[in-house]
Structure formats: structure tokens, C-alpha cells
Amino acid sequence: MATVALCALTSGKVFSKRLCLQGSLFKSCRLVSTMFKASDMQIELSKQPKEKPDATKLVFGKSFSDHMLTIQWSLEKGWEKPQIKPFQNLSIHPACSALHYSVELFEGLKAYRCVDKKIRMFRPMLNMERFHRGALRACLPSFDTAELLECIQKLIEVDQEWVPHSTTASLYIRPTFIGMEPSLGVTRSNYAMIFVIIGPVGPYFATGSFNPVSLLADPRFVRSWKGGVGDNKMGGNYGPTIYVQNEAARDGCQQVLWLYGDNHEVTEVGTMNFFVFWKDKNGEEELVTPPLDGLILPGVTRHSLLDLARKWGEFKVSERKITMGELMTALKENQILEVFGSGTACVVCPVSRILYHGQNHHIPTMENGPKLAKRFLKELTDIQYGRTPSDWMHLVV
């Protein structure tokens, strides 16, 4: 019995259908990859727990908890039982498809120790759904997003003391999905693994949690393109940006403002979504961010800022294209109030300067408060740390 997989990509949505071919007849069949269940979790506790770092001295991404989650998959056996085990190195074949062809994707979300001492995650199902979309785009096996979230919750429960007792730090959660095909050749992986590592984090940027950053806007470099995978959180989207980041640092900038096309369309800020708050041609206040047209990542923080702004109903909120020409004109005519980036790691990050075509352009973000960026930061962190009750928070323990 041969298996034929038919995939259609329509309006950004992935529809998949599997059919079995037997003789001249097609009929539906069940996938070998029966979904894993959190209830089947196997747990091996570490016999050598590590010392936990000082929450006031955390460096982003440098500390990891005592345990990790792994879930193996093969075409022959489907999903195996999830395992929580002591944090350890992975053992992979040198021809592993993740290493050679970047058959890999990841997520980034956080858990917080709230003011009531309970631990909660921030809008985790949005991350799970984005993770699943990326998996299908990478031809990796499907999974139940709710079951994966429950598995991650169990991992946090085991390592709950690693969630900082702080309202300025949090627990970063990094789910990763890799193809583990042990042979060379650009093809669908017959072996794969989801693994999740977690660790306490402080501010993402060295400048601090809410200090402004400067940006290099250089049209020679492109982060993503139409028809590509810029709207997926794949490792291949990030590795090539390191060179440009170094170029920005050499020019005295801290991050990159990614442009696209002949009209220098603004897309993202480093690894963040881009926002500008200005007065439009009619003098009306407007919050603008680039649209989800396949070029940018549909960020959870981006989603949340738009939700908050629309809930307030105090100014116009637009998702549309922004060009550097439009930005420079608005800056010259004193229409720009604030420019900032948003993301899970940094939450909200103000922008004070853009280097474009060899000229530095001062952005008056900090002179204007920045009232909106600070308001967004306060509203979100109040929700995340439980000072403001919200159904955006998912209780862990």
C-alpha cells in the first residue's frame, strides 16, 4: 500500500490530506504517526541538580534548568512516549537533515511567577499553533498542539523552582523540532524529534529592559522574501542575519531594520516586529505595523499589542505596508511620535536612531515619553505577572 500526501497552501493556511492508493482506488487512511499523549509521559529526575543563578544577574539564554523534554518520531513507529529527562547533550547522526539542510524550527515563549505565587504562561496556544504551522511547512510530522502544551506544562512543574522569584525576570521556554534523517539528500525526514529546554532569563538586550536601540537600515540585505518562510520561526531565517548584525555593530548600531523590495519596505527590527506611532496626513494619531503577508513573523507580542490598542479604541490601528520613504517624510514633517519593536524576549523596545543611506536619523521616541511604548510595556507586564487578571495567562502550577 503506497501513501500519497497532498498539500495545498492557500491564503497562508495549510490544508493537508492523506490518501491511500490501493489498486486503482483511493481511500482515506490513518497516519502511522499516532499523536503522542502527555498522560504517557515518562519522567527521569536528575540526581545532580544544579545551583540556580541569581535572578538579578541573569544573562539571556545562558542558564538552563535541570531537565528537558524529548519526543521522538519515526515514519515506521510514529510518535513515541514523551520523556522528561536530565538536561543533557543530544546524540545525532553526522548526516542529520537538521544539520545539513536546516530542517528545523523553534518557538520562544515565557512562564512567569505571578504576584499570587502561581506560575503561568503567556498565551501559549498561539505559540503552539505557530509551531505546528511551521512543522507542516518543513514537512515534519503533525502533532496535537494541546498535548504538546500539556507536556511543556509538566516540564515546568518538574523544574518550577527555576522560575525566578522576581517581577523583572521570567522562565524562557524553547521548543525545537528537528528533522533527524540520517542520510544525505534533500528530502522529507523519516525521523524527527521535538525537544524543549527551559531556563531563567533577564533582559534580552545588553542596554537593559527599556533603553532605546539604534538601527541599521541597509537595503543590500534582505531577511525574507515573498513565497519564502519569513513567517515561520525556522533556524534558517536567523543564522544568515548574524553577519548583518555584525555590520550594524561595526556602524555603531545595535540592531538591524530589515527592508524589502525596490521601495525599501520596512519589515522587522532585528528579531522583533516593527511599530510606528505617528500622526497621519490628517493629523490623526495612528499605530501602524507591517501586515502578515508572508514576509514577517506573526508575533504573539505583536498580536497582543494590536489587541490592546483596538480594545482601548483611542487611536487608529493599521496593519499595512510602510516604506522608508514614507518614514523619512513623516520624520521630516515631525509626524513621528514613537518607533519601537516588540517580541517575546524584549516585550517592547524603543528605537532612538536609524542609520539609512549613510545618514543618522534621530527618532523622537524617548522625547515623547515614550507614552505609548511605556503603556504597552506596563499593560503587558501587569498581565504577565498577574497584577491584572487576564484569560491570556495559562495556569501551570
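Residue positions are counted from 1 within each chain, in the order its sequence is given. With pLDDT at 70 or above as the cut-off, local features in this predicted model cover only qualifying residues; side-chain atom pairs require 80 or more to be listed or tallied, and sums for whole chains, interfaces and linings still use all residues. Only hydrogens and water are set aside when side-chain values are computed; all heavy atoms of the structure are taken into account.

Bringing the overall build of the chain into the picture now. When its secondary structure is counted, the chain shows seven helices and 22 strands. Atoms counted for the radius of gyration: C-alpha only. Globule rule: 2.2 Å times residue count to the power 0.38. Here the chain has a C-alpha radius of gyration of 22 Å; the compact-globule value for 397 residues is 21 Å, and the two agree. With the principal axes as the frame, the chain shows a C-alpha extent of 70 × 55 × 40 Å. For each residue, the accessible area found with a 1.4 Å probe, counting protein chains only, is set against the maximum for its type, and the residue is called buried under 20%, exposed over 50%, and partly exposed in between. The proportion of buried residues among the 397 residues of the chain is 52%. Throughout, a residue-residue contact means that at least one pair of heavy atoms, one from each residue, lies within 4.5 Å. At a minimum sequence separation of 6, the contacts of the chain that also span at least 24 residues come to 70%. Each helix corresponds to a stretch of at least 4 residues labelled H or I by DSSP, and each strand to a stretch of at least 2 residues labelled E; elements are numbered beginning at the N terminus.

Definition used in this section: a nonpolar core is a set of buried Ala, Val, Leu, Ile, Met, Phe, Trp, Tyr and Cys residues joined via side-chain atoms within 4.5 Å. Formed by 37 residues in total, the largest nonpolar core has its most connected members in Leu-69, Leu-148, Ile-156, Ile-173, Phe-177 and Ile-194. Those elements that place two or more of their residues in this core are β5 (67–74), β9 (109–113), β10 (119–122), α2 (124–137), α3 (145–158), β11 (170–179) and β12 (191–201). Of the residues forming this core, the biggest block, six residues, is contributed by α3. If we ignore the near neighbours within four places in the chain, the residues touching Phe-177 are Trp-79, Val-103, Glu-104, Leu-105, Phe-131, Ala-135, Leu-140, Pro-141, Phe-143, Ala-192, Met-193 and Ile-194. Counting residues in hydrophobic clusters, the runner-up holds 27 residues, among them Phe-275, Val-317, Ile-383 and Tyr-385.

Let's shift gears to the packing of helix α5 (residues 300–312) against helix α7 (residues 371–384). Here, axes are lines fitted to C-alpha atoms. For helices the fit covers the stretch in contact, and angles between N-to-C directions go from 0 to 180 degrees. Viewed as axis vectors pointing N to C, α5 and α7 meet at an angle of 105°, and their least axial separation amounts to 11 Å. Of the possible angle classes, the one that applies to α5 and α7 is roughly perpendicular. Between α5 and α7, the residues in contact are Thr-301, Ser-304, Leu-305, Leu-308, Ala-309 and Trp-312 and Leu-372, Arg-375, Phe-376, Glu-379 and Leu-380, respectively. In terms of residue class, the contact of α5 with α7 is made up of seven nonpolar, two polar and two charged. For classification purposes, angles smaller than 35 degrees are called roughly parallel, those larger than 145 roughly antiparallel, those between 65 and 115 roughly perpendicular, and all remaining angles oblique. Here the term charged refers only to Asp, Glu, Lys and Arg, the term nonpolar to Ala, Val, Leu, Ile, Met, Phe, Trp, Tyr, Cys and Pro, and the term polar to all other amino acids, Gly among them.

Let us now look at the packing of aromatic side chains. Ring pairs (aromatic) are described by centroid distance and by the angle formed between their planes. Aromatic rings from Phe, Tyr and Trp, taking only the six-membered ring of Trp, are treated as a pair when their centres fall within 6.5 Å; an angle between ring planes under 30 degrees marks them as stacked, one over 60 as edge-to-face, and anything in between as tilted. By the definition in use, this model includes 15 aromatic pairs. Where Phe-122 meets Trp-392, the ring centres are 6.0 Å apart and the plane angle is 80°; that geometry is what we call edge-to-face. Of this pair, Phe-122 sits in strand β10 while Trp-392 sits in the loop between α7 and β22 (393–395), and the two are 270 residues apart along the sequence. Both residues of the pair, Phe-122 and Trp-392, count as buried. Relative to Tyr-243, the ring of Phe-221 has its centre 6.1 Å away and its plane inclined at 65°; by these criteria the two rings are edge-to-face. With Phe-221 in the loop between β13 (213–217) and α4 (241–250) and Tyr-243 in helix α4, this residue pair connects regions lying 22 residues apart in the sequence. By relative accessible area, Phe-221 is classed as buried at 16%. Taken together, the ring pairs in this structure connect Phe-36, Trp-79, Phe-131, Phe-143 and Phe-177 into an aromatic cluster.

For patch detection, residues must exceed 30% relative accessible area and be free of salt bridges, and they are connected within 9 Å for like charges or within 5 Å for nonpolar side chains (Val, Leu, Ile, Met, Phe, Trp, Tyr). Note on areas: these come from Shrake-Rupley sampling with a 1.4 Å probe, and a residue is covered only by the protein chains present in the view. Just to be clear on terms, a salt bridge is a Lys or Arg side-chain nitrogen sitting within 4 Å of an Asp or Glu carboxyl oxygen. A surface patch of nonpolar side chains, about 250 Å² in accessible area, is lined by Leu-90, Ile-92 and Leu-99. Among the secondary structure elements, Leu-99 is positioned in helix α1 (residues 97–101).

Where α4 is concerned, the buried positions are Thr-241, Val-244, Glu-247 and Ala-248. Here the buried residues of α4 occupy an arc of 110° about the axis, which is enough to place them on one side. More than 90 degrees from the buried face of α4, the exposed residues found are Ile-242, Tyr-243 and Arg-250. Buried residues belonging to α4 abut β13 and β14 (255–260). Backbone geometry just downstream of α4 places Gly-252 in the positive-phi region, at approximately 80°. Of all possible arcs, the one meant is that of the directions from the helix axis to the C-beta atoms.

Moving on: helix α6 (residues 324–332). The set of residues buried in α6 consists of Met-324, Leu-327, Met-328, Ala-330 and Leu-331. Down the axis of α6, the buried side of the element spans an arc of 165°, and every buried residue falls inside it. Of the residues flanking the end of α6, it is Asn-334, one or two places downstream, whose phi is positive at about 60°.

A separate point is unusual backbone geometry. With an omega of -10°, the peptide bond between Gly-369 and Pro-370 qualifies as cis. Mapping Pro-370 onto the fold places it in the loop between β21 (359–362) and α7. At Arg-123, a residue that is not glycine, the phi angle is positive and equals roughly 45°. The topology assignment puts Arg-123 in the loop between β10 and α2.

Let us look at the pattern of salt bridges. Under the definition given, this model contains 14 salt bridges. Between Lys-316 and Asp-280 there is a salt bridge, with its nearest N and O atoms 3.1 Å apart. Taken together, the positions of Lys-316 in strand β18 (residues 316–319) and Asp-280 in the loop between β16 (272–279) and β17 (285–289) put the pair 36 residues apart, joining distant regions of the chain. For Lys-316, a relative accessible area of 31% translates into the label partly exposed. For Arg-320, the salt bridge is made with Glu-286, and the minimal N-O distance between the two is 3.7 Å. Here Glu-286 lies in strand β17 and Arg-320 lies in the loop between β18 and α6, a separation of 34 residues in the sequence. One network of salt bridges, with partners in common, ties together Glu-286, Arg-320 and Glu-326.

On to the environment of Met-68. Inspection of the secondary structure puts Met-68 in strand β5. The sequence separation of Met-68 and Ala-146 amounts to 78 residues, and the corresponding C-alpha distance is 18 Å. In this structure, Met-68 is in contact with Gln-83, Ile-84, Lys-85, Pro-86, Phe-87, Gln-88, Leu-90, Leu-155, Phe-195, Val-196 and Ile-197, ignoring residues within four places of it in sequence.

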